[in-house]
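Architecture at a glance
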Amino acid sequence: MEAVAATSLTDEWRHPLASTLHRQRRRLMVSYIVHVLWFGAMVLTAVFHASRTVATTSIWLALITVPPVIVYAARVHRTCRAIDPVARTIGLVPMILMTVFLTPFESGLIVPAKNLQVSGKLLARMQRESAVGVP
């Protein structure tokens, strides 16, 4: 009788945090895309010299998308570090410092992109390593 194919990421990759990282990464990706879209809308309102009310609204809408991005990026960071302690993700303290010393937009654009990149490489590596030795 043939073995049943793996049905979940944890079964497939044989790491207890793989499915958690995959789920957190997906949430970060969605919140990051929403933030980038609102950031783009904000830039477009400035480029096309929209009214003060429209520009203010677009800035506020872009700003309220920053906290979810930071929260999900911090969760991805913690999970990546739990899997690989030397993973080159950016944690909560550097994110807060970037928000204070630069702007919330930089911390909402740069940090999540870095954490998405590192977590994607980590997931790919775990999947590749789990496939080694499988006929």
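Residues numbered from 1 in each chain as written. Predicted model: local features only at pLDDT ≥ 70, side-chain atom pairs only at ≥ 80, totals over all residues. Heavy atoms only, no water.

Some thoughts on the side chain of Gln 24
By secondary structure assignment, the location of Gln 24 is in helix α2 (residues 18–47). Once you skip the residues sitting within four places of it in the chain, Gln 24 turns out to touch Arg 75, Val 76 and Thr 79. (Helix = DSSP H or I, 4+ residues; strand = E, 2+ residues; numbered from the N terminus. Contact = heavy atoms within 4.5 Å.)

Topic: a positive patch on the surface
On the surface, a cluster of positive charge is contributed by Arg 23, Arg 26, Arg 27, Arg 75 and Arg 78. Only α2 and α4 (66–83) provide two or more residues apiece to the positive patch. Top contributing element to the positive patch by residue count: α2, with 3 residues. Mapped onto the fold, Arg 27 is located in helix α2. (Patch = residues over 30% accessible without salt bridge, like charges linked within 9 Å, V, L, I, M, F, W, Y side chains within 5 Å. Areas by Shrake-Rupley, 256 points an atom, 1.4 Å probe, with all protein chains shown as cover. Salt bridge = Lys/Arg side-chain N within 4 Å of Asp/Glu carboxyl O. Lys, Arg positive; Asp, Glu negative; His and termini not counted. Charge placed at Lys NZ, Arg CZ, Asp CG, Glu CD.)

Overview of unusual backbone geometry
The backbone phi angle of His 49 is positive, close to 50°, even though this residue is not glycine. For His 49, the location among the structural elements is in the loop between α2 and α3 (52–63). For His 49, a relative accessible area of 71% gives the class exposed. (Buried < 20%, exposed > 50% of the residue type's maximum accessible area, 1.4 Å probe, protein only.)

Quick word on the packing of α2 against α4
To describe two helices that pack against each other, one gives the angle between their axes and the distance between the axes. Between α2 and α4, whose axes approach to 9 Å, the crossing angle comes to 155°. Considered as vectors, α2 and α4 are oriented roughly antiparallel to each other. Crossing of α2 against α4: the hand is left-handed. Of the residues in α4, those in contact with Thr 20, Leu 21, Gln 24, Arg 25, Arg 27, Leu 28, Ser 31, Tyr 32 and His 35 of α2 are Val 66, Pro 68, Val 69, Tyr 72, Ala 73, Arg 75, Val 76, Thr 79, Cys 80 and Ile 83. (Axes fitted to C-alpha atoms, helices over the stretch in contact; angles between N-to-C directions. Parallel < 35°, antiparallel > 145°, perpendicular 65-115°, else oblique. Left-handed = near helix turned anticlockwise from the far one by under 90°.)

Brief notes about the packing of α2 against α3
At their nearest, the axes of α2 and α3 sit 8 Å apart, and the two run at 160° to each other. The orientation of α2 with respect to α3, classified from their angle, is roughly antiparallel. As α2 packs across α3, the resulting crossing turns out to be left-handed. Where α2 approaches α3, its residues His 35, Trp 38, Phe 39, Met 42 and Thr 45 are matched on the opposing element by Val 54, Ala 55, Ser 58, Ile 59, Leu 61 and Ala 62. Split into classes, the residues belonging to the contact of α2 with α3 amount to 8 nonpolar, 3 polar and no charged. (Nonpolar A, V, L, I, M, F, W, Y, C, P; charged D, E, K, R; others polar.)

Thoughts on the confidence of the model for the chain
Per-residue pLDDT for the chain has a mean of 83; in total, 86% of the residues score no lower than 70. Within the chain, helix α1 (residues 9–13) has the poorest average pLDDT of any element, 46, and α4 the best, 93. Contacts for the low-pLDDT stretch residues 1–12, under 50 throughout, to residues beyond four places or in other chains number 10 contacts. (pLDDT = per-residue confidence, 0-100.)

Digging into the pattern of salt bridges
Between side chains of opposite charge, a pair can form when the charged atoms approach closely. According to the stated counting rule, one finds 2 salt bridges in the structure shown. Its salt-bridge partner being Arg 125, residue Asp 84 comes within 3.5 Å of it at the nearest N-O pair. Remark: Arg 125 occurs in helix α6 (residues 104–131) and Asp 84 occurs in the loop between α4 and α5 (92–101); sequence separation between them is 41 residues. Of the residues examined, Arg 125 reaches a relative accessible area of 30% and is grouped as partly exposed. In this structure, the salt-bridge partner of Arg 125 is Glu 129, at a minimum N-O distance of 3.6 Å.

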